[in-house]
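The lines below spell out each chain.
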Amino acid sequence: MKYFSTRGADQFLSFEETVLAGLAPDGGLYIPEHIPSLPENWQTAWKDYSFVDLSVEVLSLYISADEISKTELRTLVEKSYSTFRHPDITPLKKLTEKTYVLELFHGPTFAFKDVALQLLGNLFEFFLKRRNARKQPGEKPEKLTVVGATSGDTGSAAIYGLRNKANISIFILHPKGRVSPIQEAQMTTVTDANVHNLAVHGTFDDCQDIVKSLFADREFNATHRLGAVNSINWARILAQTVYYFLSYFHLRRQVPNSDAVEIQYVVPTGNFGDILAGYYAKRMGLPMGRLGVATNANDILARFWRSGAYEKVDSGAGASAPGASAPAQGASDGKQAADASGVRETLSPAMDILVSSNFERLLWYLAFEGAAQGADVEARRKAASATIADWMSKVKSDGRVQVPVSVLELARRDFFAERVSDEQTLETIKYYFDSDAHYIADPHTAVGLRAALTVAPHNPPEVTQVVLSTAHPAKFSEAVTRALQGSPSFDFERDILPPEFKGLLERERRVIDVEAPQVDLVKKVIEKYAVPAGEVGASV
């Protein structure tokens, strides 16, 4: 299996090269040359597999045995998920007869991103060790400078996946004062010498733009050998496809007459990576209905599915979408305040994103499908890549692109989208706490649950919903406490506070302040602290 850029670069990369590169030189995202089909007997052969077993089978469809043998892959996977607190890794929990949650937060940082980033960290280490083992005595070892932007959870998950790894340094940019106190503490209290947290005065989109600019700077990239941990890295999407398969098999065990059930996955969505993994699983052959895109007030995706316009600001309603409301009081769990860029502050801050990076990958497949029928695959691939390069250029220059109606119809075939306000988020947290399930959802999960509630009355009777639960509620204490204030049966410390969080806010921290969202300022930090080859880290 080889990988190429969504924007048309002719270069085809191996899995190893793709993982280490992260972002393509032309600004595009890497995708596989084809989406593999599942083995003919997968439903019977895999039905009792564990998460580790499924990971090995699914990942091996995209990774040549010449690059990573199945034995090596199993070792990597077992090591990656040995850090998880639940034996199922991503357990499925029943809320009602028609609604389940897939809990993805049982990793070391209590967020879904651990699933991909524990594996990605081990892949980085595996590839570097193998490359350096092949070098001659005295030859300089290779190193990797990992750079990422975070709206909250990616940062800590990446740091926990890469801390104290030889020949790797990691620089995580977060918007200063705009992540939750717990999220910030999880990142900045890791004091390993190879870990560097940068608090940037700006928004998440500013941080993400800086990271993309660094990767686009060929000289700087070559000098420091940049590696990506954001979901622009293909390995993250691939790792996340596995829990769709696990939930499929677990639901079949729990639901009577499961052959007649259609699963409707509903996914809280910001950067479009988590739900894109579901799309790949569906394209591979995993049975499911349309995937539900659940957004907060930063609703660029919901607006796309409504109109076909992918635009930073809703041109049909000024700065706000129809029905938009002001951020709920107490949204300090993630202060992505509304500003000139259009990002709105919400109670679900990890989704406070203006442009969804991974959406480009879906757009490529839609453009490819819409390319001239009858042309050979290579011609259609080039046509789709040229279309994407044009669309992304328009988004960058004009802030918007309008796709053809035929493309929008293709998108609606596999997805639907719903927008959820802060008020609805709070109502949903309380609704499920007061229900028979007595379930406490974090605000991002609540966005997914509310979207599921909205569409449920219109679903055929055979549909069962699975909502992806992306974070532990204790990570967003202010939102959860506000939603459940006045509930006599709720006690934050007793009901949801993990032992790992106790005293976290009081621990020693290390963070580098970046006074403005400027690429050159970040470059100076990286040049000062990047790990010299052969060392574990350099102290700040």
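Each remark here, short or long, concerns the structure printed above.
Summarised in this report is the structure supplied together with it. (Residues numbered from 1 in each chain as written. Predicted model: local features only at pLDDT ≥ 70, side-chain atom pairs only at ≥ 80, totals over all residues. Heavy atoms only, no water.)

The next subject is the overall build of the protein. When helices and strands are tallied, the protein shows 21 helices and 15 strands. For 540 residues, the compact-globule formula gives about 24 Å, and the C-alpha radius of gyration of the protein, at 22 Å, lands near that figure. Seen through its principal axes, the protein has C-alpha atoms that stretch 65 × 60 × 50 Å. Within the span of the protein, comprising 540 residues, buried residues form 60% of the whole. For the protein, the share of sequence-separated contacts (at least 6 apart) that also reach a separation of at least 24 residues comes to 75%. Accessible area for the protein stands at about 20,100 Å²; split by element, carbon and sulfur atoms hold 49% of it. (Helix = DSSP H or I, 4+ residues; strand = E, 2+ residues; numbered from the N terminus. Rg over C-alpha atoms; globule rule 2.2 N^0.38 Å. Buried < 20%, exposed > 50% of the residue type's maximum accessible area, 1.4 Å probe, protein only. Contact = heavy atoms within 4.5 Å. Areas by Shrake-Rupley, 256 points an atom, 1.4 Å probe, with all protein chains shown as cover.)

Once that is clear, we can look at unusual backbone geometry. With a phi angle near 70°, I89 is a residue other than glycine that sits in the positive phi range. Here I89 lies in the loop between α4 (70–81) and β3 (92–96). Judged by its relative accessible area of 6%, I89 falls in the buried class. Of note, the phi angle at N167 is positive, near 65°, even though the residue is not glycine. Summarising the element assignment, N167 is placed in the loop between α6 (153–162) and β6 (168–175). Looking at N167, the relative accessible area reads 11%, which means it is buried.

Among the five residues that make up strand β10 (residues 291–295), five are buried, leaving the element largely enclosed by the rest of the structure. Side chains L291, V293 and T295 of β10 all project onto a buried face; the interleaved residues G292 and A294 project onto the opposite face, where all are buried too. Following the backbone out of strand β9 (residues 262–268), through helix α12 (residues 273–284) and into the adjacent parallel β10, one traces a crossover that is right-handed. Pairing of β10 with strand β13 (residues 415–419) involves five bridges; the strand directions are parallel. Looking at the pairing, L291 lines up with F415 of β13. (Right-handed = clockwise from strand over helix to strand, strands pointing away. Pairing = 2+ DSSP bridges.)

Counting buried residues in β6 gives eight out of eight residues, a clear majority hidden from the surface. Across the two faces of β6 the burial is the same, with I168, I170, I172 and H174 and S169, F171, L173 and P175 all buried. Sheet analysis places strand β5 (residues 144–149) next to β6, joined by six bridges and oriented parallel. By the bridge assignment for β6, V147 is matched with F171. For the crossover that starts at β5, traverses α6 and ends in the parallel β6, the hand is right-handed. The parallel pair β6 and strand β7 (residues 195–200) is bridged by helix α7 (residues 181–188), and the resulting crossover is right-handed.

On to the side chain of T428, then. Along the chain, T428 falls in helix α17 (residues 422–434). What T428 contacts, discounting residues up to four positions off in sequence, is A446, L449 and R450.

Attention now goes to the packing of helix α13 (residues 300–307) against helix α14 (residues 359–370). Closest axis-to-axis distance for the α13/α14 pair is 13 Å, and the angle between their directions is 20°. The orientation of α13 relative to α14 falls into the category roughly parallel. Every pair of crossing elements has a handedness; the one defined by α13 and α14 is right-handed. Counting all contacts with α13, which are made through L301, F304 and W305, the residues of α14 involved are F359, L362 and L363. Grouping the constituent residues of the contact of α13 with α14 by class yields six nonpolar, no polar and no charged. (Axes fitted to C-alpha atoms, helices over the stretch in contact; angles between N-to-C directions. Parallel < 35°, antiparallel > 145°, perpendicular 65-115°, else oblique. Left-handed = near helix turned anticlockwise from the far one by under 90°. Nonpolar A, V, L, I, M, F, W, Y, C, P; charged D, E, K, R; others polar.)

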